[in-house]
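As a plain string of letters, each chain reads:
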Amino acid sequence: GISRSNTKPTTGGPLSGAAVIEAVDASLKRLQTDYIDLYQLHWPGRITPHFGKHWPNNQSFAEVDAAAEEANMLDVLQGLDTCVKAGKIRFCGLSDDTTWGIATYLNLAEKHDLPRMVTIQNEFNLLMAKDWPYLIEHCAMEDVAYLPWSPLATGILTGKYRNGALPKGSRLDIMGGPNQRHRLFRDRELSHHAVEAYCEVAAKHNVTPAQLALIWCDNVSGVTSSIIGATTMAQLKEDMAAFDMLLTDEMAKDISAVFEKFPQPF
């Protein structure tokens, strides 16, 4: 199984070696299992360019204390090492991290003979492809599996929000909340223009919009495995069928034409 954790489960404290050990024990208890195959850190303790923070000057990297961050990362690796040696987890990975984060963790692991990060799970889809090419190249060169989360852009690429629709119980409906925090950075006019265009491409090639997005993601060089989510069995079957479909040259050409118009719509 796969488990992810970013904070101490009881106190909500910062990411640390002690927090990892406590979180792993809590995960084992919740999962009712003896060990976890892949344990991924949910996200770094530092601010990273994810969740709408990827635009220039949204944050200042110059203000980050690199030495302090490295010391924390070493502490985290030591906590993971304790868990690996105890047989509680087998492999370690990252989520929502950066090229610098990957490189630093790998260097620290080699220098101190600690567990090597083998995966990274980041948002990647037709509306959010900022990891191409630099981070994905780094993963390929360092043999780190790249696992896109939300290849359907939290469901936006399925087309279910077209024409202003907001289906009851959908992710945007549930996660919008009073301040719309989770909707604002994805729910943009350009995003919906892009989705309309992708829906037309999907119709032309006799696949659903969701399948088009998954076919594309699965065929990006360097992508290891796409992480899908489904609410119903029908959605799951629709998504799974996409991985047996062929990305034809004509389909790829049509997708690229839309992508060039909307390379980063949110």
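Conventions we followed
- Residues numbered from 1 in each chain as written.
- Predicted model: local features only at pLDDT ≥ 70, side-chain atom pairs only at ≥ 80, totals over all residues.
- Heavy atoms only, no water.
- 1 Å grid on protein atoms, 1.4 Å probe; cavity = no way out; pocket = protein on both sides within 12 Å on 5 of 7 lines; lining within 4 Å.
- Points joined across faces, edges and corners; volume = space filled by probe spheres on them.
- Nonpolar A, V, L, I, M, F, W, Y, C, P; charged D, E, K, R; others polar.
- Axes fitted to C-alpha atoms, helices over the stretch in contact; angles between N-to-C directions.
- Helix = DSSP H or I, 4+ residues; strand = E, 2+ residues; numbered from the N terminus.
- Parallel < 35°, antiparallel > 145°, perpendicular 65-115°, else oblique.
- Contact = heavy atoms within 4.5 Å.
- Phe/Tyr/Trp six-rings, centres within 6.5 Å; stacked < 30°, edge-to-face > 60°.
- Buried < 20%, exposed > 50% of the residue type's maximum accessible area, 1.4 Å probe, protein only.
- Expected span 1.5 Å × (residues − 1).
- Pairing = 2+ DSSP bridges.
- Right-handed = clockwise from strand over helix to strand, strands pointing away.
- Polar contact = N/O pair within 3.5 Å; in protein donor to acceptor, adjacent residues only side chain to side chain.

Engineer: Which parts of the structure should I look at to understand empty space enclosed by the protein?
Structural biologist: Gaps between atoms show up when a probe of the same size as a water molecule is rolled over them. Applying the stated criterion to the full structure yields 2 cavities of 30 Å³ or more. In this structure, the largest cavity spans a volume of roughly 40 Å³. Taken together, the residues of the lining of the largest cavity break down into 4 nonpolar, 3 polar and 2 charged. Taken together, Leu15, Pro44, Gly45, Arg46, Glu69, Asn72, Met73, Asp97 and Tyr105 form the lining of the second largest cavity. Residue classes in the lining of the second largest cavity are distributed as 4 nonpolar, 2 polar and 3 charged.

Engineer: Where do I start with the packing of helix H8 (residues 209-218) against helix H10 (residues 249-261) in this structure?
Structural biologist: The relative placement of two packed helices is expressed as an angle between their axes plus a distance between the axes. Where H8 contacts H10, the axes come no closer than 11 Å and their chain directions differ by 95°. By the angle class used here, H8 and H10 are roughly perpendicular. Along the contact surface, H8 presents Leu212, Ile215 and Trp216, while H10 presents Met251, Ile255 and Phe259. The residue inventory of the contact of H8 with H10, partitioned by class, reads 6 nonpolar, no polar and no charged.

Engineer: Mind showing me how you'd approach the side chain of His50 here?
Structural biologist: The topology assignment puts His50 in the loop between strand S2 (36-41) and helix H2 (66-85). Excluding residues within four positions of it along the chain, His50 makes contact with Asp96, Asp97, Thr98, Asn122 and Lys130.

Engineer: Before we go on, may I ask you to explain the packing of aromatic side chains in this structure?
Structural biologist: Both the distance between ring centres and the angle between the ring planes are used here to describe each pair of aromatic rings. One pass over the full model with this rule turns up 5 aromatic pairs. Between Phe124 and Tyr146, the ring centres sit 5.7 Å apart and the planes meet at 85°, which makes this aromatic pair edge-to-face. Taken together, the positions of Phe124 in the loop between strand S4 (117-123) and helix H4 (134-142) and Tyr146 in strand S5 (residues 145-149) put the pair 22 residues apart, joining distant regions of the chain. The class of Phe124 is buried, set by a relative accessible area of 1%. Here a set of aromatic residues connected by ring pairs shows up, and it is made of Phe124, Tyr146, Trp216 and Phe259.

Engineer: So what exactly am I meant to see when it comes to unusual backbone geometry here?
Structural biologist: The phi torsion of most residues other than glycine is negative, and most of the peptide bonds are trans. Note that the residue after Trp132, namely Pro133, is joined by a cis bond; omega there is 5°. Following the sequence through the fold, Pro133 ends up in the loop between S4 and H4. Positive phi, close to 50°, is recorded for Thr154, a residue that is not glycine. On the secondary structure map, Thr154 appears in the loop between S5 and helix H5 (171-176). You will see that Asn206, though not glycine, has its phi angle at about 60°, which is positive.

Engineer: Can you walk me through the environment of Ala153 in this structure?
Structural biologist: Structurally, the position occupied by Ala153 is in the loop between S5 and H5. Along the sequence, Ala153 and Arg186 sit 33 residues apart, while their C-alpha atoms lie 8.0 Å from each other. Ala153 has contacts with Asn125, Leu127 and Arg186, leaving out every residue within four places of it along the chain.

Engineer: Any chance you could explain helix H7 (residues 189-204) here in plain terms?
Structural biologist: Note that an α-helix has 3.6 residues per turn; residues three or four places apart therefore point the same way. Its 16 residues give H7 an end-to-end C-alpha distance of 23 Å, which sits within 8% of 22 Å, the value for a rise of 1.5 Å per residue. Among the residues of H7, Ser191, Ala194, Val195, Ala197, Tyr198, Cys199, Val201 and Ala202 are the ones counted as buried. Contacts made by the buried residues of H7 are with H8 and H10. Positive backbone phi, approximately 60°, marks Asn206, located one or two places after H7.

Engineer: Sorry, what's going on with helix H3 (residues 99-112) here?
Structural biologist: Spanning 14 residues, H3 covers 20 Å between terminal C-alpha atoms, matching the ideal 20 Å at 1.5 Å per step. Listed in full, the buried residues belonging to H3 are Gly101, Ile102, Thr104, Tyr105, Leu106, Leu108 and Ala109. Looking at the packing, one finds that the buried side of H3 touches S2, H2, strand S3 (89-95), S4 and H4.

Engineer: Would you mind going over the pairing of S2 with me for this structure?
Structural biologist: The two faces of a sheet get side chains in turn, since along a regular strand they alternate between them. Buried residues dominate S2, accounting for 5 of its 6 residues. In the sheet, S2 pairs with S3 via 4 bridges, with the strands oriented parallel. Its bridge partner lying in S3, Ile36 is registered against Ile89. Taken together, S2, H2 and S3 constitute a β-α-β crossover, and its handedness is right-handed.

Engineer: Can you walk me through the side chain of Thr98 in this structure?
Structural biologist: Position of Thr98 among the secondary structure elements: in the loop between S3 and H3. Polar side-chain contacts of Thr98 include one of 2.9 Å to the side chain of Arg46. Other than its neighbours up to four places away in sequence, Thr98 contacts Arg46, Thr48, Pro49, His50 and Leu135.

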